[in-house]
Amino acid sequence: MPEDVFRNICYALTPVTYPEDSYVVRAGEPLDLMLIIVEGKILSPDMNSDTGTTGSSMITKYLEKGDFCGEELLNWASPNILFSGRAPMSTRDFKCQTKVEGFALKDDKLRSFVSEYTTKWISNFNSGGSLAGQD
């Protein structure tokens, strides 16, 4: 992504805090933000089928400092895909095991950036540019 676009997205990040045992988003609800975790721990259980005798198993994903959730919004906002009027639905629960602090990028801000910078966004995607600026 071009550096100026990346810088503007960083300025649009909103600091957020979630209390222990609260949900950032629940499965089946609209995924309206991407969260970058600065402090705390989020649990995200996922039902996976396996080929063993049990049929399915619960795998819990742990997200901590430096991790993020909601990356599906990046695919939704990709200029190579016409994004629909609504944000995608979350396929997982993201529940705070501890108090979580982070930075959120809301879906409407991401949509605004894609609309404003579509030409730069597409040319960079097609040239294989990096997320954080020029290589």
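This text follows the structure it describes.
Quantities reported herein were computed from a predicted structural model and do not represent experimental measurements.

The rules behind each value
Residues numbered from 1 in each chain as written. Predicted model: local features only at pLDDT ≥ 70, side-chain atom pairs only at ≥ 80, totals over all residues. Heavy atoms only, no water. Core = buried A, V, L, I, M, F, W, Y, C linked by side-chain atoms within 4.5 Å. Buried < 20%, exposed > 50% of the residue type's maximum accessible area, 1.4 Å probe, protein only. Helix = DSSP H or I, 4+ residues; strand = E, 2+ residues; numbered from the N terminus. Contact = heavy atoms within 4.5 Å. Salt bridge = Lys/Arg side-chain N within 4 Å of Asp/Glu carboxyl O. Arc of directions from axis to C-beta. Patch = residues over 30% accessible without salt bridge, like charges linked within 9 Å, V, L, I, M, F, W, Y side chains within 5 Å. Areas by Shrake-Rupley, 256 points an atom, 1.4 Å probe, with all protein chains shown as cover. Phe/Tyr/Trp six-rings, centres within 6.5 Å; stacked < 30°, edge-to-face > 60°. Lys NZ or Arg CZ within 6 Å of the ring centre and 35° of its normal. Pairing = 2+ DSSP bridges. Lys, Arg positive; Asp, Glu negative; His and termini not counted.

Colleague: Quick one: what's the story with the nonpolar core, residue by residue and with numbers?
Modeller: Counting 28 residues, the largest nonpolar core has Tyr18, Val24, Leu35, Ile42, Leu73, Phe94 and Val100 as its most contacted members. Those elements giving two or more residues to this core turn out to be helix 1 (3–12), strand 1 (14–18), strand 2 (23–25), strand 3 (33–39), helix 2 (72–76), strand 7 (94–96), strand 8 (100–106) and helix 3 (107–116). Among all residues touching Leu35, those that are not within four sequence positions of it are Val16, Tyr18, Val24, Ile42, Asp67, Phe68, Cys69, Val100, Gly102, Phe103 and Ala104.

Colleague: So, the pattern of salt bridges: which residues are in play, and what are the values?
Modeller: Two side chains carrying opposite charge are able to pair once their charged atoms lie near each other. Taken as a whole and assessed by the stated rule, the structure comprises 6 salt bridges. The closest approach of N and O atoms between Asp93 and Arg26, which form a salt bridge, is 3.9 Å. Taken together, the residues span a long stretch of sequence, with Asp93 in the loop between helix 2 and strand 7 and Arg26 in the loop between strand 2 and strand 3 at a distance of 67 residues. Here Glu64 makes a salt bridge to Lys41, at a shortest N to O gap of 3.7 Å. With Glu64 in the loop between strand 5 (56–63) and strand 6 (68–69) and Lys41 in the loop between strand 3 and strand 4 (42–49), this pair connects stretches of sequence that are 23 residues apart. Glu64 sits in the partly exposed class, given a relative accessible area of 40%.

Colleague: Which residues make up helix 3, and what are the values?
Modeller: If you check which residues of helix 3 are buried, you get Asp107, Leu110, Phe113 and Val114. Taken around the axis of helix 3, the buried residues stretch over an arc of 125°, which confines them to a single face. Seen from the buried face of helix 3, the exposed residues on the opposite side, beyond 90 degrees, are Asp108, Ser115 and Glu116.

Colleague: Describe in detail unusual backbone geometry, supporting the description with residues and values.
Modeller: For Asp21, which is not glycine, the phi dihedral falls at a positive 70°. Here Asp21 lies in the loop between strand 1 and strand 2. Here Asp21 falls in the partly exposed class, since its relative accessible area comes to 49%.

Colleague: For a nonpolar patch on the surface, give the residues involved together with the corresponding values.
Modeller: A contiguous nonpolar patch, built from Ile36, Phe68 and Phe103 and spanning about 240 Å² of accessible area, is present on the exposed surface. Among the structural elements, Phe68 can be located in strand 6.

Colleague: So what about the packing of aromatic side chains? Which residues, and what values?
Modeller: A full pass over the atoms with the stated rule returns 0 aromatic pairs. Across from the ring centre of Tyr23, 3.9 Å away, lies the NZ or CZ of Arg26, which sits over that ring.

Colleague: Break down the pairing of strand 8 for me, citing the residues and quoting the values.
Modeller: In this structure, strand 1 lies alongside strand 8, joined through 5 bridges in antiparallel fashion. Paired with Tyr18 across the bridge in strand 8 is Val100. Bridge count between strand 3 and strand 8: 6 bridges; the pairing is antiparallel. When the bridges of strand 8 are listed, Leu33 appears paired with Lys106.

Colleague: Before we move on, could you go through the side chain of Asp107 and cite the residues and values that matter?
Modeller: Mapped onto the elements of the fold, Asp107 is located in helix 3. Buried charge without a salt bridge: Asp107, with Lys106 as the nearest opposite-charge side chain at an N-O distance of 5.2 Å. What Asp107 contacts, discounting residues up to four positions off in sequence, is Asp32, Leu33, Leu73, Trp76 and Ala87.

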